[in-house]
Amino acid sequence: MVKDKATVVVVGGGATGVGILRDLSMRGIDALLIEKLDMVNGASSRYHGLLHSGARYAVRDQEAAKECIEENTILRRIGKSCVEAISGMFVQVEGDDPDFVDPWVKGCAESGIKTREMSKEEALRLEPNLSRKLVRAFEVPDGAIDGFRMSWQNVLSAARYGGRYKTYTELIKINVEGGAVKSITVRDNVTKEEYDIECEILVNAAGPWAGKVAQMAGLDCSVSPSKGTLIAFNQRISNRVVNRLRKPSNGDIFVPHGSITILGTSSITIPDPEDTSTSWDEVEELMKTGEGVFEHLRDYRILRVFAGSRPLYVPKGADGGRNASRGFVTLDHEKEDGLKGMMTICGGKFTTYRLMAEKFCDVLAPKLGNTAKCRTAEEDLVPAVSEADKKAARQYFPSYGVNLAATRLGTDKFPEVVKTLKENPETREVLCECENVTMAEVMRIAQEPTSHSVADVRRRTRLGMGTCQGNYCAIRSAAIANKLFKDKLEGCGDSLSDMKNFLQARWKGITPVMAGKTLREAEMTRGMYEVLFNVNGGRR
Amino acid sequence: MELEERARDSADNCIACTSCVAVCPVTKANPDYRGPKLVGPAHNRMHFSDESDYEDSLKLCSNCKNCDITCPNGVSVATLNMLERAKYYKAHPEKHTQADQMLSHNFQMADMLKSIPFGRSCANLGMSIGEAMGMMGAMGIAPQRKSPRFATKYFRELYKEIKQPEGLTKEVLFFPGCFIDVNDPEVGVAFVKVMNANGYKVLMDDRFKCCGSPLVVGGYLDEARSHADSNVAVINEYAAKNIPVIACCTSCSLMLKAEYTELFAQEEMAQAAKNVYDAFEFLTILADQGELKKVQVSSDKKFIYHAPCHLRAQGMGMPAVDLLKEIGVNIDSADAGCCGMSGSYGFHKENYETSMKIGSELFDKINASGAHKVVCDCGTCREQIKHGTNAKTTHPIQVLAKAYEQ
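Numbering of residues starts from 1 in each chain and follows the order in which that chain's sequence is written. Here chains are named by letter from A upward and ligands by number from 1 upward, in the order in which they appear as written. Only residues with pLDDT of at least 70 get local features here, since the model is predicted, and only at 80 or more are side-chain atom pairs given and counted; chain-wide, interface and lining totals rely on the full set of residues. Only hydrogens and water are removed before side-chain values are computed, so all heavy atoms of the structure are retained for them.

Enquirer: When you look at the overall build of chain B in this model, what are you seeing that I'm missing?
Expert: Only DSSP runs of H or I reaching four residues or more are called helices, and only runs of E reaching two or more are called strands; each is numbered from the N terminus. On a plain count of helices and strands, chain B comes out with 23 helices and eight strands. For the radius of gyration, the atoms used are the C-alpha atoms, and the globule rule reads 2.2 Å times the number of residues raised to 0.38. Taken over C-alpha atoms, the radius of gyration comes to 21 Å for chain B, in line with the 22 Å a tight globule of 406 residues would show. Dimensions of chain B, computed from C-alpha atoms along their principal axes, come out at roughly 65 × 50 × 45 Å. Across the 406 residues in chain B, those meeting the buried criterion constitute 61%. Every residue pair with non-hydrogen atoms within 4.5 Å of one another is taken to be in contact. Here the analysis covers contacts within chain B between residues at least 6 apart in sequence; of these, 76% occur between residues at least 24 apart. Of the roughly 16,600 Å² of accessible surface on chain B, a fraction of 53% belongs to carbon and sulfur atoms. Each charge class in chain B was averaged separately, 44 positive and 50 negative side chains, and the resulting centres sit 6 Å apart. A 1.4 Å probe rolled over the protein chains alone gives each residue an accessible area, and that area as a share of the maximum for its type sets the label: buried under 20%, exposed over 50%, partly exposed in between. Reported accessibility uses the Shrake-Rupley method at a 1.4 Å probe radius. Residues are deemed covered only where the shown protein chains occlude them. None of His or the chain ends enter the tally, which takes Lys and Arg as positive and Asp and Glu as negative. Taken as the charge location is NZ of Lys, CZ of Arg, CG of Asp or CD of Glu.

Enquirer: Can you help me understand the overall build of chain A in this one?
Expert: The number of helices and strands found in chain A is 17 helices and 22 strands. The C-alpha atoms of chain A give 23 Å as radius of gyration, which agrees with the globular expectation for 540 residues (24 Å, within 12%). Considering only C-alpha atoms, chain A reaches an extent of 65 × 60 × 50 Å along its principal axes. The proportion of buried residues among the 540 residues of chain A is 63%. Of the contacts made within chain A by residues no fewer than 6 positions apart, 72% connect residues no fewer than 24 positions apart. Surface accessibility of chain A: about 21,000 Å² in total, with carbon and sulfur atoms responsible for 51%. A distance of 3 Å separates the average location of the 76 positive side-chain charges in chain A from that of its 73 negative side-chain charges.

Enquirer: I'm lost on the domain arrangement of chain B in this one. Help?
Expert: Interfaces are often sized by the accessible area lost when the parts come together. All names here are of chain B. Domain annotation of chain B identifies domain 1 (6-95), domain 2 (98-138), domain 3 (155-287) and domain 4 (295-405). Domain 2 and domain 3 are separated by 25 Å when their C-alpha centres are compared. Each partner contributes residues to the interface: domain 2 has twelve residues there, and domain 3 has twelve residues. Buried surface at the junction of domain 2 and domain 3, both sides included, amounts to about 870 Å², of which 53% is carbon and sulfur. The quantity reported as buried area is the accessible area (1.4 Å probe) lost by two parts once they are put together, taken as the sum for both. Summed over the three residues of domain 2 that lose the most area to domain 3, namely Ser104, Phe107 and Lys114, the buried surface amounts to 48% of that side. Residue ranges assigned to each domain were obtained from an automatic or database domain assignment.

Enquirer: Is there a simple way to think about the pattern of salt bridges in this case?
Expert: Oppositely charged side chains may form a pair once their charged atoms are brought near each other. Between Lys or Arg on one side and Asp or Glu on the other, a salt bridge is scored when a side-chain nitrogen of the former is within 4 Å of a carboxyl oxygen of the latter. As enumerated under the stated definition, the model contains 64 salt bridges over all chains in all. Where Arg164 of chain A meets Asp30 of chain A, a salt bridge forms, and the shortest distance between an N and an O atom there is 3.8 Å. Of this pair, Arg164 of chain A sits in strand S9 (residues 164-166) while Asp30 of chain A sits in the loop between helix H1 (15-26) and strand S2 (31-34); the two residues are 134 residues apart in sequence, bridging distant segments of the chain. Here Arg164 of chain A falls in the partly exposed class, since its relative accessible area comes to 28%. The partly exposed category is assigned to Asp30 of chain A, whose relative accessible area is 32%. Note that Arg207 of chain B is salt-bridged to Glu237 of chain B, the shortest N-O span being 2.9 Å. With Arg207 of chain B in the loop between strand S2 (200-203) and helix H14 (213-218) and Glu237 of chain B in helix H15 (residues 221-240), this pair connects stretches of sequence that are 30 residues apart.

Enquirer: Even after reading the chapter, I still don't get the interface of chain A and chain B, so can you show me in this structure?
Expert: The interface is formed by 34 residues belonging to chain A together with 29 residues belonging to chain B. For the pair chain A and chain B, the summed buried surface comes to about 2,800 Å²; carbon and sulfur atoms form 45% of the total. The largest share of the area that chain A buries against chain B comes from Gln235, Tyr400 and Glu433 of chain A, three residues that together contribute 26% of it. In this assembly, chain A and chain B are joined by three salt bridges. The shortest N-O distance in the salt bridge between Glu435 of chain A and Arg45 of chain B comes to 3.0 Å. In the analysis that follows, any N or O atom pair within 3.5 Å is treated as a polar contact, provided that within protein one partner can donate a hydrogen and the other can accept it, and provided that, for residues neighboring in sequence, both atoms belong to side chains. Linking chain A to chain B there are 19 residue pairs in polar contact (both at pLDDT 80 or more). Among the secondary structure elements, those contributing two or more residues to the side of chain A that touches chain B are helix H11 (402-423) and helix H17 (516-532) of chain A. At four residues, the largest contribution of residues to the side of chain A that touches chain B is made by H17 of chain A.

Enquirer: Sorry if this is basic, but what is going on with the side chain of Arg506 of chain A here?
Expert: Topologically, Arg506 of chain A is positioned in helix H16 (residues 495-510). Apart from the residues within four sequence positions on either side, Arg506 of chain A is in contact with Arg304, Arg458, Gly464, Met465 and Gln469 of chain A.

Enquirer: Explain the nonpolar core to me, please; I cannot follow it from the model alone.
Expert: The nonpolar side chains of a soluble globular protein tend to be buried with one another. To qualify as a nonpolar core, a set must consist of buried Ala, Val, Leu, Ile, Met, Phe, Trp, Tyr and Cys residues joined through side-chain atoms within 4.5 Å. Ranked by internal contacts, the top residues of the largest apolar core, which has 92 residues, are Phe191, Met195, Tyr260, Leu283, Ile397 and Leu400 of chain B. Once residues within four sequence positions are removed from consideration, Met195 of chain B is found in contact with Val172, Tyr200, Val202, Ile246, Phe282 and Leu283 of chain B. Among the nonpolar cores identified, the runner-up in size contains 45 residues, and Leu431, Leu463 and Cys468 of chain A together with Cys17 of chain B belong to it.

Enquirer: How do you make sense of the domain arrangement of chain A when you look at a structure like this?
Expert: Residue and element names in this part refer to chain A. Partitioning chain A into structural domains gives domain 1 (2-43 + 148-222 + 325-367), domain 2 (86-144 + 225-313) and domain 3 (387-532). On the domain 2 side, the residues contacting the 13 residues of domain 1 number ten residues. Between domain 1 and domain 2, a total of about 1,100 Å² is buried, with carbon and sulfur atoms accounting for 60% of that surface. The tally of links from domain 1 across to domain 2 stands at three residue pairs in polar contact (both at pLDDT 80 or more).

Enquirer: Sorry if this is basic, but what is going on with the sheet that holds strand S4 (residues 83-84) of chain A here?
Expert: Consider a sheet: its strands pair through backbone hydrogen bonds, and that pairing is either parallel or antiparallel. Residues and elements named next belong to chain A. A sheet is described by the order of its strands in space; here three strands give the open sequence S3-S8-S4, paired in antiparallel fashion. On the outer flanks of this sheet lie strand S3 (50-51) and S4, each paired with one strand and no other. Pairing between two strands is assigned when DSSP locates at least 2 bridges connecting them. Judged from the two bridges that link them, S3 and strand S8 (residues 143-145) form a sheet pairing that is antiparallel. Paired with Leu50 across the bridge in S8 is Ala144.

Enquirer: I'm lost on a nonpolar patch on the surface in this one. Help?
Expert: Within the patch definition used here, like charges are joined within 9 Å and nonpolar side chains (Val, Leu, Ile, Met, Phe, Trp, Tyr) within 5 Å, considering only residues with over 30% relative accessible area and no salt bridge. Residues Leu125, Ile129, Met133 and Met135 of chain B make up a contiguous nonpolar surface patch of roughly 420 Å² in combined accessible area. Looking at where Ile129 of chain B falls in the secondary structure, it is placed in helix H9 (residues 119-133).

Enquirer: How should I be thinking about the confidence of the model for chain B in this particular structure?
Expert: One confidence number per residue, pLDDT, is output by the predictor and ranges from 0 to 100. When pLDDT is averaged along chain B, the result is 93; 98% of the residues meet or exceed 70. In the model, residues 1-8 of chain B has pLDDT below 50 throughout and makes 24 contacts with residues more than four positions away in sequence or in other chains.

Enquirer: Would you explain helix H13 (residues 185-197) of chain B in this entry?
Expert: Along an α-helix, a turn takes 3.6 residues, which lines up residues three or four apart on a common side. All names here are of chain B. What a helix is expected to span follows from its residue count: subtract one and scale by 1.5 Å. Taking 1.5 Å per residue, 13 residues should reach 18 Å; H13 reaches 19 Å between its end C-alpha atoms and fits that length. Across the 13 residues of H13, ten count as buried, placing the element largely inside the fold. For H13, the complete set of buried residues consists of Pro185, Val187, Gly188, Val189, Ala190, Phe191, Val192, Val194, Met195 and Asn196. Residue Gly199 follows H13 closely and has a positive phi angle near 90°.

Enquirer: Before we go on, may I ask you to explain the packing of aromatic side chains in this structure?
Expert: Any pair of aromatic rings gets described here by the distance separating the centres and the angle formed by the planes. Two aromatic rings, drawn from Phe, Tyr or Trp (for Trp, its six-membered ring), form a pair once their centres lie within 6.5 Å of each other, and the interplanar angle then sorts them: stacked below 30 degrees, edge-to-face above 60, tilted otherwise. Taken as a whole and judged by the stated rule, the model has 16 aromatic pairs over all chains. Aromatic pair Phe350 of chain A and Tyr353 of chain A: ring centres 6.4 Å apart, planes at 45°, arrangement tilted. The residues Phe350 of chain A and Tyr353 of chain A share a single accessibility class, namely buried. Plain terms: the ring middles of Phe174 of chain B and Phe191 of chain B are 4.5 Å apart, the flat faces sit at 25° to each other, and that makes the pair stacked. Note that Phe174 of chain B is positioned in strand S1 (residues 170-175) and Phe191 of chain B in helix H13, a separation of 17 residues in sequence. The class for Phe174 of chain B is buried, based on a relative accessible area of 0%. An aromatic cluster is defined as three or more aromatic residues linked by ring pairs; in this entry it consists of Phe155, Tyr159, Phe174 and Phe191 of chain B. Across from the ring centre of Tyr472 of chain A, 5.0 Å away, lies the NZ or CZ of Lys37 of chain B, which sits over that ring. Look at NZ for Lys and CZ for Arg. If either is within 6 Å of the ring centre and within 35 degrees of the ring normal, a charge sits over the ring. Cation over ring: Arg145 of chain B sits above Phe347 of chain B, and NZ or CZ is 5.7 Å from the ring centre.

Enquirer: Before we go on, may I ask you to explain the environment of Asp299 of chain A in this structure?
Expert: Along the polypeptide, Asp299 of chain A turns up in the loop between helix H7 (280-290) and strand S18 (302-313). The sequence separation of Asp299 of chain A and Lys517 of chain A amounts to 218 residues, and the corresponding C-alpha distance is 9.2 Å.

Enquirer: Just checking my understanding: could you explain unusual backbone geometry for this structure?
Expert: Peptide bonds are, in most cases, trans, and in most cases residues other than glycine have a negative phi. Residue Thr265 of chain A is bonded to the preceding Gly264 of chain A through a cis peptide linkage, with omega at -10°. Relative to the assigned elements, Thr265 of chain A resides in the loop between strand S16 (260-264) and strand S17 (268-269). Unusually for a residue other than glycine, Ala265 of chain B sits at a positive phi of about 50°. By relative accessible area, Ala265 of chain B is classed as buried at 9%. For Ser342 of chain B, which is not glycine, the phi torsion reads 45° and is therefore positive. Within the element layout of this structure, Ser342 of chain B appears in the loop between strand S6 (330-333) and helix H21 (352-369). For Ser342 of chain B, a relative accessible area of 13% gives the class buried.

Here you go:
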C-alpha cells in the first residue's frame, strides 16, 4: 500500500545520508530520509569524532588531505554547535621512523595544511601526559566533532527547508517497473507495519550496508565493511587531538571528545557490517600502540570499547582494509547498470561528508531539472543559542552544564527546557550526574517523535555515557520512560525491558575491558541491578 | 622527581558509587552542597565545556575527609575538591574574603604579634572588644564564636624554658603546629613531659612553618606548596638521622603524612610522610615494643573521647583512646561523627549554621554522657566542643602526662 511519496528517498541516517538530505532540501528538492534504527546508529557515531585536518593523509593521498582541510575550515565555521574547535598534534616518539617527517611536512604544505613544529618543552607543557620519549611535535588544525549532534543538526537544518525524516523505518524491498525504481517497501520497526513510498530517485547512502541495499535492486556494489575498534577513556587525557607521526596504522589517534578521550582504531575487514563486536585482543593491540604516545595510558580508566564499520568502496580486484582508499564514489546505476532512478554513494570520510553530498547532489539535481547551486557551506547548521540566553539559564543548570545543553538542544528546544527548569524546580534534578543531564532535558527529548526508548534519548543527550555507564540514570530514566513512553512502549516492551536493553547496550562495551577500574564499576552495576533490584530474577 | 598525576588518577578511580555523598556531614546539614562526588571527581571531567563556569557549592566543602574515609576505591575526594577550589581562586583572586585571608594566615598574625611588645595581650583585648561590639561578623567571621586567644608565651618560647633531663639518648622532633604553638602551648609542654618520661629528648626546629592546611582550604595553594616544600626538606633531613617527627595535632599530621603527596605529588613528600607520626600512634608503637612507661590510673573520673575526622582519615584506629583505656582511664568514644568545625571552616560566618548542625549529634552525646571532660586530639574540634556544650576539654597527651605525674 502506498502511504507516502517523495521526489528523492535517501536510505541511511548516517553522516552521508543526512548531508545529502540537507543539501537536497536546500536546493529545493523534496527529500525524505529513512533509517532502519535511530539516527546515527552506525559508523557515523562509532568513530573517533575526529575532524581531520588532512595531515594524516598528507603523504599517501594528497587529494583527500586537501579535501579534509577545506572541509575542516568550513565545518569549524558552520558547525559551531557540534565542532569542538581544538587543535591537534602530530608526535614522533623514540623508535618512530625519522625519515617519515620530511615528506610529511612537505605533503602538508602542498595540501595547504598549516603545521608548526614546537619544542619538546612546549609540547610537554601543553600536553603534560605525553610520553617523555617524545622526539618531535607539530601542531596541526585537527579538531573534534560530535557525530550525534552533527547528524541531528543536519537533519534539523534540512527540516527547515522541508526535508523529512523517518527513523525506525527499514527498507525491505525496491520495486522496479520498466527498468526504473518506482517505489520502495519499508517496515516501521516500531509498529511492524509495512507500506510503500513512491519516489523518483532512490539514494543508497547506507554506508557499510550499501552493498545489501544494492542487492535488493539486483545490483552489485562492492563495499567492504572494515571494522574499526575504539576505546573510550573516562576523561580527557589531552586537550588536543594527538596523532602518531608515522605511516598511518592502528591505534594512532587520540581524540579528546567532550568529557572523554577516544583512542583508535583498528582496521579489520569483516563480512557483516552488523558485527560491532570487540575483543580483548583488539583492545590490547590499541593499548600497546597508545602507550607509545601516553606512557601511563594503562593508569587511565577505560569506560568502554566500541566498534563501527567503515564503508570502504573497493573497485573490483583491489584490496580492502587500511590500503583501501578513504575516497568516495558516486554510482549512477542508470549509467552503470541500466537501472533508472537509483544512485549509490559509497566510501568517504566523516570529515568530508558535506563535500561528498555536494558532489553527489551536483549529479543528482540536474536529473530532476534542478539547477540550484549547493549552499550547504554558506549557512550554519543550526543557529547558536545566544550568550545572553545561556547566561540567564545558568542559575537553573548544574555547573558546566549550560554550554553542553545549549549546543545539544539548539535555539528551539533550549528555551523550552529552561522554561521547564524555571517553572518546575523538581526537573532541575540531575538525572545523569556523570554527564550533567537534567531531568528537564531528558523529558523534552523523550517527547520527540523519534524517541522510542531511553537509548534514543541517550544518543541525543549523552545520558548514561559517562563514568558510571548508566548505573544511576538507568533506573531514574526508566521511571520517566514509564510515564512518557507509555504509548510508544507498547510496540517494544515495557519500561523494565527498556531499562534492561539500555543497560545491556552499556554492558556490550564494558565486557571486553572488564578489568581493573572498569571491573569495579561493572561489579557495582551488577550488585545494584541483579542483586538489589533483582532485574533478571523476578517472575510473575 | 614528580609522581604520576595522582589526583587525576584518583578521579579515575571513582566508580560514582555515591557512598561519599551518603556520609558527607555537610551534604546532610546543608542541601545546597551538591556533595563530594559531584563537586570533585565528577566535575573534574566537565571543565572542557566552559572554562569560565564554576561550581558554586565548591566553597561549602569543609575538607573534613569523611568522603576519603568511606571511599571504597581510595579516591582522595576532598583533595580533589581542594584542588578545584584552588583553581577557582587562582582565576578569581578577587573572590577571597577578608575572613579567608585571616583564617588562612593566622600564622602570620601570630608571628607579627610576637614581635610587638604586649602585642598578644593587646590582640586578645582587641578580640574581646571586637566580639563584644559585633565586629567579627563584619569581617566574615561567625559572631557567635569566641576566637581562640593568643597565649602570652608561645610553645616555641616555653620550650626554651623547659629543662629536659640530661642523658636522654633517643630523640624525636616535635611539629607543634600553629594551634598548639600559639593558642594552646600546654599541649606541647605535656608532650615533652610524656616523651621525656619515655626516654626521649624532644627537639624543635625553627624552620618548621604552618603545615599549610588552613592555606589549602582557603584556596591559597601556591603558598601551601611553599610551606610543604620547606617542611618536607626539614623532615627528610631528620629522617636521614633516624629522628622521627611527631605531631599532636591530627590535622597537621594528616597534612604531612598524606595531603602533601595527594596535592602536589612529589616523591620527596611521599618519602617524608614515612617519618611522620601522630603522638599516640608513636606511643602505641612503643607500647607494642614493650618500651612504653608503665602507669596505672586509679581515679574513675569519667572522660568522653571525640575522634577528629582528620585522625580517622589516617586509618590507624583511635590510638589515644585505646592507650588511655589500657592504663585504666575511664574513657569512651562518643562515636558521633564530625564535630562540624573542620579547622577554620566553622569560623566562617556563612558556615556557622552548617557547622553547628553537623556538631549537634556530638553535642547531645557529650551532654548526655555525664563525663567531666572531653578528650580530643584536635585543637579546633575542642574549640567547637567548648562552644557547643560548655564542657571542659583536654588533649589526650595532657591526660597521659597527668597520669605520669601521679
